[in-house]
Amino acid sequence: TSAGTVLERRVAEARVAGENQVLREKLGVGAGKAVKGAEAKALKAEVDNALSSLMAAHQVKPGGTQKAPSKEELVAAENEVLRRHVQRKGMDGASLSREIEAAQRTAEEAAAARAIQEEEVAAANDVMRQQLQEKGVDMA
């Protein structure tokens, strides 16, 4: 895969992760928090059902191949359920959207910075490897 494709995938994953973080905070079901109460258990069941449906949809592709859903697809499916629950609670959609967009921007910038840093490290490694080979160092 090209560096651009890797960066695009990471940024897309970061976008859905940023949205997920805001939605979970609004619902009080942040990562690592125990699921308590009937409402939270219903939410968890609905998320589990959405993820199961997504997994089932990916099981058989034309030609009989199996393709697992991407991390981005899984989080996006969860986000759809969370967003419905947030809207049911009557939270202001405009301020929620602004909060989600801010979280997405922050997550995207961090993902892009990490990807660029990894590219720079890989390029530096390639240069060092080339120099060692020119000096006759066996890389095997």
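Residues numbered from 1 in each chain as written. Predicted model: local features only at pLDDT ≥ 70, side-chain atom pairs only at ≥ 80, totals over all residues. Heavy atoms only, no water.

Draft legend 1. Molecular detail of the packing of helix H2 (residues 37–59) against helix H3 (residues 71–88). Packing of H2 against H3 brings their axes to within 9 Å, and their N-to-C directions diverge by 145 degrees. Along this stretch, H2 crosses H3, giving a crossing that reads as right-handed. Facing Leu43, Glu46, Val47, Ala50, Leu51, Leu54, Met55 and His58 of H2, the residues of H3 in contact are Glu73, Leu74, Ala77, Glu78, Val81, Leu82, Arg84, His85 and Arg88. Considering only residue class, the contact of H2 with H3 consists of ten nonpolar, two polar and five charged. (Axes fitted to C-alpha atoms, helices over the stretch in contact; angles between N-to-C directions. Helix = DSSP H or I, 4+ residues; strand = E, 2+ residues; numbered from the N terminus. Left-handed = near helix turned anticlockwise from the far one by under 90°. Contact = heavy atoms within 4.5 Å. Nonpolar A, V, L, I, M, F, W, Y, C, P; charged D, E, K, R; others polar.)

Draft legend 2. Looking closely at a nonpolar patch on the surface. Among the surface-exposed residues, Leu132, Val137 and Met139 lie close enough to one another that they form a single nonpolar patch of about 230 Å² accessible area. Within the element layout of this structure, Leu132 appears in helix H4 (residues 93–134). Assessed through its relative accessible area of 36%, Leu132 is described here as partly exposed. (Patch = residues over 30% accessible without salt bridge, like charges linked within 9 Å, V, L, I, M, F, W, Y side chains within 5 Å. Areas by Shrake-Rupley, 256 points an atom, 1.4 Å probe, with all protein chains shown as cover. Salt bridge = Lys/Arg side-chain N within 4 Å of Asp/Glu carboxyl O. Buried < 20%, exposed > 50% of the residue type's maximum accessible area, 1.4 Å probe, protein only.)

Draft legend 3. Structural detail: the side chain of His85. As for its position among the elements, His85 is in helix H3. Filtering out sequence-adjacent residues up to four positions away, His85 remains in contact with Leu27, Leu43 and Glu46.

Draft legend 4. Region of the structure containing the nonpolar core. Counting residues in each nonpolar core, the largest one holds twelve residues, listed as Val22, Leu23, Leu27, Val29, Leu43, Val47, Val81, Leu82, Val86, Leu96, Ile100 and Ala103. Elements with a contribution of two residues or more to this core: helix H1 (3–27), H2, H3 and H4. (Core = buried A, V, L, I, M, F, W, Y, C linked by side-chain atoms within 4.5 Å.)

Draft legend 5. A look at the environment of Glu39. Within the secondary structure, Glu39 is located in helix H2. Given a relative accessible area of 48%, Glu39 falls into the partly exposed group.

Draft legend 6. Quick peek at the pattern of salt bridges. Throughout the structure, instances matching the rule amount to nine salt bridges. With a shortest N-O distance of 2.9 Å, Lys44 and Asp48 are connected by a salt bridge. Of this pair, Lys44 and Asp48 both sit in helix H2, separated by four residues, roughly a single helical turn. We classify Asp48 as partly exposed; its relative accessible area is 35%. In this structure, Glu46 and Arg84 form a salt bridge, with 3.0 Å as the shortest nitrogen-oxygen distance. Within this pair, whereas Glu46 is found in helix H2, its partner Arg84 is found in helix H3, the two being separated by 38 residues in sequence. Owing to a relative accessible area of 23%, Glu46 belongs among the partly exposed residues under this scheme. We classify Arg84 as partly exposed; its relative accessible area is 37%. Overlapping salt bridges bring together Glu46, Arg84 and Arg88 as one network.

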